[in-house]
Amino acid sequence: MLINFMYIKFIKLCLILSVILSFYIENALAQQISFNRSIHNGVMKYDYVWRNPNGQKFNTSFKLYADDVKRSLTEFQKFDQSELDKAVTLQIQEFIKYHTPSGMSVDFNEKTRQISFEGNLKQNKINRFMKLMEEEQEKVNQAYFKKRFYNYNAKENTIRPAHGTIAKRYVLAMRPVAYALKENVRGGTSRDITNHVLHFIQSIPYDTLEDVRNSNGAGFLTPYGIIQGNKGDCDSKSVMFAAIMRNIYPYARIAVIYVPGHALVGFDYKKGRDDFAINIDVNTFVLAEPVGPNQSDLGVVSPSALAVLRQGGYSYEEVPY
């Protein structure tokens, strides 16, 4: 006796991309004057000349190991639905091979995703088998996304880059960048340093990162990717800012803040009189907008994002320690 019991539902995901609103981009000009990179004995040297909002010109230089940069350029990849489907199919086949109850035969049709049962067809056995297989499929999904630095929201059936995890991963990598920027404003206050880092990242040219001809097409770059390509979008630059600031203030709480179509950074910092901030738990997070090309200070948010934030229409992901 053969019963076609059910279809296996492979998840089809909606990828959340953070792209800043176009009118905000078009109304501002980048302040980067020049950018050069060179390599010597396996070490990449990056040289920037740029201006802050007050017109001050800075020369910022730092060095990174070329092999580390090269590896990072392939570390984060565009989400591939077919690759995920293949991984799930293999796991289903393995599960059927080793976990089919005695007295029952199970067949999975890859093309139709239909699963059928033959033999001892007690409903409670079938139900338990399917429940265990669905749990196994969920484990595969989570392992797949974790390995590729994505966050998977099963309830909403969406994924986005694991910004907090990636920022933590690049804290040590961004140490030379943090030290170089801090040296630019030696003797400055903590707010001077924070704004200097923010202005430097804002001066890096903006790009949506969706064109596979000049990016990975994923709509996101790691901090090394931003530096090597000299371009970035809002969530990529937010992660870079978070990683750099964790070097300068290792005990501060930092979070990537999301509003529809945009990403900012919340920084656990003493709120100034004119700063825009939000509360997370019992902490006040002053917001920063690293995307550029508009060069804004800590606590200043673009009008488009501000309208949403004031209505509470945001979510966040903290950067782990």
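Model, not experiment: these values are computed from the prediction.

Considerations on the packing of helix α6 (residues 175-184) against helix α7 (residues 190-203)
Then, in step 1: Running from amino to carboxyl end, α6 crosses α7 at an angle of 115 degrees, the nearest separation of the two axes being 9 Å. Pair α6 / α7 crosses with right-handed handedness. The segment α6 lies against α7, with V177, L181, K182 and N184 engaging I193, H196, V197 and F200.
Then, in step 2: Residue classes in the contact of α6 with α7 are distributed as 5 nonpolar, 2 polar and 1 charged.

A closer look at the environment of K168
Then, in step 1: Of note, K168 is situated in helix α5 (residues 163-169).
Then, in step 2: As a C-alpha pair, K168 and E318 span 150 residues in sequence and 9.8 Å in three-dimensional space.
Then, in step 3: In this structure K168 touches V319, P320 and Y321, once residues within four positions along its chain are discounted.

Structural notes on the sheet that holds strand β10 (residues 254-259)
Then, in step 1: The antiparallel open sheet is built from 5 strands, whose spatial order is β12-β13-β11-β10-β14. This sheet does not close on itself; its edge strands, each paired only once, are β12 (277-280) and β14 (315-318). The sheet shows a mean angle of 35 degrees between the axes of neighbouring strands, taken without regard to direction.
Then, in step 2: Two strands pair when backbone bridges link them, and β10 and strand β11 (residues 262-268) are joined in this way by 6 bridges, in the antiparallel orientation. Bridge pairing in β11 links A255 to G266.
Then, in step 3: Along the sheet face, helix α10 (residues 303-310) touches β10, β11 and β13 (283-288) and points at about 95 degrees away from the line of β10.

Remarks on α6
Then, in step 1: Every buried residue of α6 is listed here: V177, A178, A180 and L181. For α6, the arc enclosing every buried residue in end-on projection is 165 degrees, short of the 170-degree limit, so these residues lie on one face.
Then, in step 2: On its buried side, α6 packs onto β4 (43-51), β5 (57-65), α7, α8 (223-229) and α9 (234-248).

Section: the packing of α7 against α9
Then, in step 1: One way to put it is that α7 packs onto α9 with a least axis distance of 10 Å and a crossing angle of 150 degrees. Considered as vectors, α7 and α9 are oriented roughly antiparallel to each other. Here α7 runs over α9; the crossing is right-handed. Mapping the contact onto sequence places I193, T194, V197, L198, F200, I201 and Q202 in α7 and K237, M240, F241, I244, M245 and I248 in α9.
Then, in step 2: Of the residues assigned to the contact of α7 with α9, the class counts are 10 nonpolar, 2 polar and 1 charged.

Side note on the sheet that holds strand β3 (residues 32-40)
Then, in step 1: Pairing is antiparallel in the open sheet, where 3 strands are placed in the order β3-β4-β5. The two strands at the open ends of the sheet, each matched to only one other strand, are β3 and β5. Averaged over neighbouring strand pairs, the angle between their axes works out to 15 degrees when direction is ignored.
Then, in step 2: Relative to β4, β3 runs antiparallel, the two sharing 8 bridges. The residue bridging I39 from the neighbouring strand is M44, located in β4.

Some remarks on the pattern of salt bridges
Then, in step 1: Summed over all chains, the structure comprises 11 salt bridges.
Then, in step 2: E75 is the salt-bridge partner of R169, the closest N and O atoms lying 2.5 Å from each other. Taken together, the residues R169 in helix α5 and E75 in the loop between α2 (66-72) and α3 (81-99) connect sequence positions 94 residues apart.
Then, in step 3: Linking R253 and D281 is a salt bridge whose minimum nitrogen-to-oxygen distance equals 2.9 Å. Separated by 28 residues along the polypeptide, R253 in the loop between α9 and β10 and D281 in the loop between β12 and β13 bring together distant segments of the chain.
Then, in step 4: Taking the relative accessible area as the measure of exposure, R253 reaches 14% and is therefore buried.
Then, in step 5: One salt-bridge network, in which partners are shared between bridges, spans R253, D281 and E318.

The rules behind the values
Numbers given for residues are sequential positions, taken from 1 along each chain in its written order. With the structure being a predicted model, the display of local features is reserved for residues of pLDDT at least 70 and the display and counting of side-chain atom pairs for 80 or more, all residues being used for whole-chain, interface and lining totals. Derived side-chain values reflect all non-hydrogen atoms in the structure, with water molecules and hydrogen atoms excluded from consideration. Angles shown run from 0 to 180 degrees and are taken between the N-to-C directions of axes, each axis being a line fitted to C-alpha atoms and, for helices, limited to the stretch in contact. By definition, any uninterrupted DSSP run of H or I lasting at least four residues is a helix, any uninterrupted run of E lasting at least two residues is a strand, and each is numbered from the N terminus. Definitions for this section: a left-handed crossing has its near helix turned counterclockwise from the far helix by less than a right angle. A right-handed crossing has that turn clockwise. A contact between two residues is defined here by any heavy atoms of the two lying within 4.5 Å. Amino acid classes used here: Ala, Val, Leu, Ile, Met, Phe, Trp, Tyr, Cys and Pro are nonpolar; Asp, Glu, Lys and Arg are charged; the rest, including Gly, are polar. Note: two strands are recorded as paired if DSSP finds a minimum of 2 bridges between them. Buried means the residue's accessible area, taken with a 1.4 Å probe over protein chains only, is under 20% of the maximum for its type, while exposed means over 50%, and partly exposed covers the values in between. By definition, the arc is the one covered by directions from the helix axis to the C-beta atoms. Roughly parallel here means an angle under 35 degrees, roughly antiparallel means over 145, roughly perpendicular means 65 to 115, and every remaining angle is called oblique. The salt bridge definition used is simple: a Lys or Arg side-chain nitrogen within 4 Å of an Asp or Glu carboxyl oxygen.

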